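Tertiary structure, described
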Amino acid sequence: METEGTYDVQAIRAQFPILSRKVKGKDLVYLDNAATAQKPLAVIDALVHYYSHYNANIHRGLHTLADEATAAYEASRTAVKDFVGASSPDEIIFTKGTTDSINLVAHSWGKSFLQEGDEIIITSLEHHANIVPWQMIAAEKKAILRVIPIDDNGILDMEAFKAMLGPKTKFVSVIHVSNALGIINPVEEIIRLAHEQHAVVLVDGAQSSVHLDIDVQTLGCDFYVFSGHKIYGPTGVGVLYGRRDLLESMPPYQGGGEMIKEVRFEYTTYNELPFKFEAGTPNIADVIALKAGIDFINSIGKPAIRKHEEMLLEYATAQLKDISGLRIIGDVKNKVSVISFIIDGVHPQDLAILLDNQGVAVRTGHHCAQPLMHRLGIVGTTRASFAAYNTLEEIDVLTQALNKSLKMLL
Amino acid sequence: MNNPKTIKNIEQDLIDDFSLFETWEEKYEYLIDLGKKLAPLDPAFKTEDRKIKGCQSSVWIHSYTKDGLVHFEGDSDAIIVRGLVGLMIMVLNGQPSKEIVGAPLEFINTIGLSSHLAQTRSNGLRAMIKQMKMDAGVLG
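Residues numbered from 1 in each chain as written. Chains lettered and ligands numbered in written order. Predicted model: local features only at pLDDT ≥ 70, side-chain atom pairs only at ≥ 80, totals over all residues. Heavy atoms only, no water.

1. Examining the overall build of chain B
Scanning chain B from terminus to terminus reveals seven helices and three strands. Seen in sequence order, chain B has helices and strands lined up from the N terminus as α-α-β-β-β-α-α-α-α-α. Each of the 140 residues in chain B was classed as buried or not, and the buried ones make up 49%. Of the contacts formed within chain B by residues at least 6 apart in sequence, a portion of 65% connects residues at least 24 apart. As presented, chain B carries roughly 7000 Å² of accessible surface, and 54% of it is formed by carbon and sulfur atoms. (Helix = DSSP H or I, 4+ residues; strand = E, 2+ residues; numbered from the N terminus. Buried < 20%, exposed > 50% of the residue type's maximum accessible area, 1.4 Å probe, protein only. Contact = heavy atoms within 4.5 Å. Areas by Shrake-Rupley, 256 points an atom, 1.4 Å probe, with all protein chains shown as cover.)

See below:
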């Protein structure tokens, strides 16, 4: 096993109970991390500990359990604030996930500020979660959805973007890192150019939050959204970072408990940030356990994880390129540890079934990015994505399993 | 021509065949081989509205009657699924409509296909069977 300087991958693996299980009699090789990351014991323990020791509804109760639960919930908000470099915890809204965060912005911001003929710009690389909410609000407001084109490698056509920008541009919503291909988009430049036109910018950080150093103030984005389960946290919790003045100018998304200041039958006044956008009893347990996921990342450090993942990516890329008929989609320099590929004459589904029988978990299909697949002229890809706990040996297993599958199929 | 064997008979033959396979490789090699041997479906029947949804690959089933019995042809863009299409055709082809509609098709569990194919993919298989039974019901 490799030990990269002080990077002890075995010690990291030991924190993930699931990694010691077998699949169909083989050691699990989990390479579907871009879909969801596995959970360290600390995250699982945080969930169990909350329900075993201090389960209570938060913010309103005056008893000890409510105090403890509220403190843990708000500690998680502060951890998220630090994780993305926001200036205040008030700018961190807990949601169900990336999709929920984008829907919140599209509906709340869009309802108040979009007008007929206004333009919203997205990219050809978007996940459906950053397409459909904008289509919905655009249809309602008679606004226009425009799409930045890409070249055959998945690189954004920035000249086309510049030509698209104008006084009609009101919102730009871009995927930071392509979930399907792993490509890192030049969001800093996109934000700068969009801001020159006074457009608001949302960065979909579902794939970037776990790999890249995120500082929303340096980036200068107006919104940054991501999901807890992709950063080693639980499912069902996500984050919306929003600039305070924007969040304050936006109406609540949902009405109910928590988000109110005063309710009469004649009128309601709304709570302050961030509670204005957190109607109802939130997902307390998962929010609290999200902090354990962030703590896990911080305990190693993103730069160290990134260095390890880059080594895995480089090794896997070289290995896979040796396979005859295999073509990497989005084979560019600036990407995270994701390899999306197709093989001549092989359907991705066949590959996934045969890899699964060898204990290897990868993702196949359109990756919830059908317009991208359509643009690239393919039905889907096979995607291997690497995390902090993956090893070079696992990539050898992937390569051997791929070769064996191809021998069976061709 | 009437298939001299009942659905139940053919299911039993398949259970016997599959019981000889000792490894997952043999089972899948059999399906892949079946997929490769399946006669291609006339492109005229491979239309968007005839496509069966339910999995990552596309499946088409063309059904017709001959001498009062229901016949099937089919195709898929994925080879293992094509093998499954071939397997289902092997079991249901040339049988009376009533028999097809009422067949419990328990062999699928017995030969371990439901456990070997993950849920989403066996849903594709389920969608395929549903379509064949529906066609048989309409044609009968």
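Further notes follow.
2. Topic: the domain arrangement of chain A
Accessible area lost when the parts come together is the quantity often used to give the size of an interface. Residues and elements named next belong to chain A. The assigned domain composition of chain A is domain 1 (3-36 + 301-409) and domain 2 (45-298). A straight line from the C-alpha centre of domain 1 to that of domain 2 covers 28 Å. At the interface, 36 residues of domain 1 touch 33 residues of domain 2. On inspection of domain 1 and its partner domain 2, the count reaches two salt bridges. (Domains from an automatic or database assignment. Salt bridge = Lys/Arg side-chain N within 4 Å of Asp/Glu carboxyl O.)

3. So, the sheet that holds strand β1 (residues 51-52) of chain B
All names here are of chain B. Read across the sheet, three strands follow the order β1-β2-β3 without closing on themselves; strand pairing throughout is antiparallel. Of all the strands in the sheet, the pair left with one neighbour each is β1 and β3 (69-76). By the bridge criterion, eight bridges tie strand β2 (residues 59-66) to β3 in an arrangement that is antiparallel. Within β3, the residue paired with Tyr-64 across the bridge is His-71. The strands touched by helix α3 (residues 79-92) are β2 and β3; relative to β3, the strand with the most contacts, the crossing angle is about 175 degrees. (Pairing = 2+ DSSP bridges. Axes fitted to C-alpha atoms, helices over the stretch in contact; angles between N-to-C directions.)

4. Here's the deal with helix α7 (residues 187-196) of chain A
Residue and element names in this part refer to chain A. Looking only at α7, the buried set comprises Val-187, Ile-190, Ile-191, Leu-193 and Ala-194. Structurally, α7 contributes buried residues whose contacts are with α6 (158-164), β9 (169-175), β10 (200-204) and α8 (216-219). Count one or two residues on from α7 and you reach His-198, which has phi positive near 60 degrees.

5. Section: the packing of helix α4 (residues 98-113) of chain A against helix α5 (residues 132-141) of chain A
Helix packing for two helices is described by the angle between their axes and how far apart those axes are. Residue and element names in this part refer to chain A. Two elements in contact, α4 and α5, have axes whose closest approach is 9 Å; the angle formed by their N-to-C orientations is 15 degrees. One finds that α4 runs roughly parallel with respect to α5. The handedness of the crossing between α4 and α5 comes out as right-handed. In contact with Ile-102, Asn-103, Val-105, Ala-106, His-107, Gly-110 and Lys-111 of α4, α5 contributes Pro-133, Trp-134, Met-136, Ile-137, Glu-140 and Lys-141. Of the residues that constitute the contact of α4 with α5, the class distribution is seven nonpolar, three polar and three charged. (Parallel < 35°, antiparallel > 145°, perpendicular 65-115°, else oblique. Left-handed = near helix turned anticlockwise from the far one by under 90°. Nonpolar A, V, L, I, M, F, W, Y, C, P; charged D, E, K, R; others polar.)

6. Digging into the nonpolar core
Formed by 85 residues in total, the largest nonpolar core has its most connected members in Val-84, Phe-161, Val-172, Tyr-224, Tyr-232, Leu-372 and Tyr-389 of chain A. In terms of domain composition, this core takes at least three residues from each of domain 1 (3-36 + 301-409) and domain 2 (45-298) of chain A. Beyond its immediate sequence surroundings of up to four residues, Leu-372 of chain A is in contact with Ser-124, Leu-125, Ile-150, Ser-178, Ala-180 and Leu-181 of chain A. If you look at the next biggest cluster of nonpolar residues, it comprises 69 residues, including Leu-38, Val-85, Ile-111 and Leu-125 of chain B. (Core = buried A, V, L, I, M, F, W, Y, C linked by side-chain atoms within 4.5 Å.)

7. What about the side chain of Asn-179 of chain A?
One can find Asn-179 of chain A in the loop between β9 and α7. In this view, Asn-179 of chain A contacts Leu-125, His-127, Gln-207, Val-338, His-367 and Arg-383 of chain A; residues no more than four positions away in its chain are not counted.

8. Overview of the interface of chain B and chain A
With 18 residues of chain B at the contact, the number on the chain A side is 17 residues. Buried area between chain B and chain A, both sides added, is near 1600 Å², and the carbon and sulfur share of it is 57%. Summed over the shared surface of chain B and chain A, the result is one salt bridge. For Glu-25 of chain B, the salt bridge identified is with Lys-404 of chain A, shortest N-O distance 2.4 Å. Applying the counting criterion to the chain B and chain A interface returns six residue pairs in polar contact (both at pLDDT 80 or more). Of all the secondary structure elements, the ones that give two or more residues to the side of chain B that touches chain A are α2 (24-37), α3 and α6 (113-116) of chain B. Looking at the side of chain B that touches chain A, the element that brings in the most residues is α2 of chain B, giving six residues. Here the residues of the side of chain B that touches chain A sort into nine nonpolar, four polar and five charged. (Buried area = accessible area lost by both parts, 1.4 Å probe. Polar contact = N/O pair within 3.5 Å; in protein donor to acceptor, adjacent residues only side chain to side chain.)

9. What to know about a nonpolar patch on the surface
Residues and elements named next belong to chain A. Taken together, the side chains of Leu-41, Ile-44 and Val-48 present a nonpolar region at the surface, about 230 Å² in accessible area. With respect to the helices and strands, Ile-44 occurs in helix α2 (residues 41-53). For Ile-44, a relative accessible area of 33% puts it in the partly exposed group. (Patch = residues over 30% accessible without salt bridge, like charges linked within 9 Å, V, L, I, M, F, W, Y side chains within 5 Å.)

10. Describing the packing of helix α12 (residues 348-356) of chain A against α3 of chain B
Put simply, α12 of chain A and α3 of chain B touch, their axes get as near as 7 Å, and they point 90 degrees apart. One element, α12 of chain A, and the other, α3 of chain B, form an angle in the roughly perpendicular class. Contacts between α12 of chain A and α3 of chain B pair Gln-349, Asp-350, Ile-353 and Leu-354 of chain A from the former with Ile-79, Ile-80 and Val-81 of chain B from the latter. Of the residues assigned to the contact of α12 of chain A with α3 of chain B, the class counts are five nonpolar, one polar and one charged.

11. Side note on the packing of aromatic side chains
The full count for this structure, using the stated rule, is 18 aromatic pairs over all chains. Judged by centre distance (6.1 Å) and plane angle (65 degrees), the rings of Trp-24 of chain B and Tyr-28 of chain B are edge-to-face. Here the residue Trp-24 of chain B and the residue Tyr-28 of chain B both occupy positions in helix α2, the gap between them amounting to four residues, near one helical turn. One aromatic cluster is present, formed by Trp-109, Phe-113, Trp-134, Phe-171 and Phe-223 of chain A through successive ring pairs. The aromatic ring of Phe-83 of chain A is capped on one face by Lys-302 of chain A, whose charged end is 4.1 Å from the ring centroid. (Phe/Tyr/Trp six-rings, centres within 6.5 Å; stacked < 30°, edge-to-face > 60°. Lys NZ or Arg CZ within 6 Å of the ring centre and 35° of its normal.)

12. What about the pairing of strand β7 (residues 119-123) of chain A?
Residues and elements named next belong to chain A. Among the five residues in β7, five count as buried, and that is most of the element. Burial along β7 is two-sided: Glu-119, Ile-121 and Thr-123 and Ile-120 and Ile-122, pointing in opposite directions, are all buried. Across five bridges, β7 lies against strand β8 (residues 144-148) in parallel orientation. Paired with Ile-122 across the bridge in β8 is Val-147. One crossover worth recording links β7 to the parallel β8 by way of α5, and it is right-handed. As paired strands, β7 and β9 are joined by three bridges and run parallel to one another. Bridge pairing in β9 places Ile-120 opposite Phe-171. (Right-handed = clockwise from strand over helix to strand, strands pointing away.)

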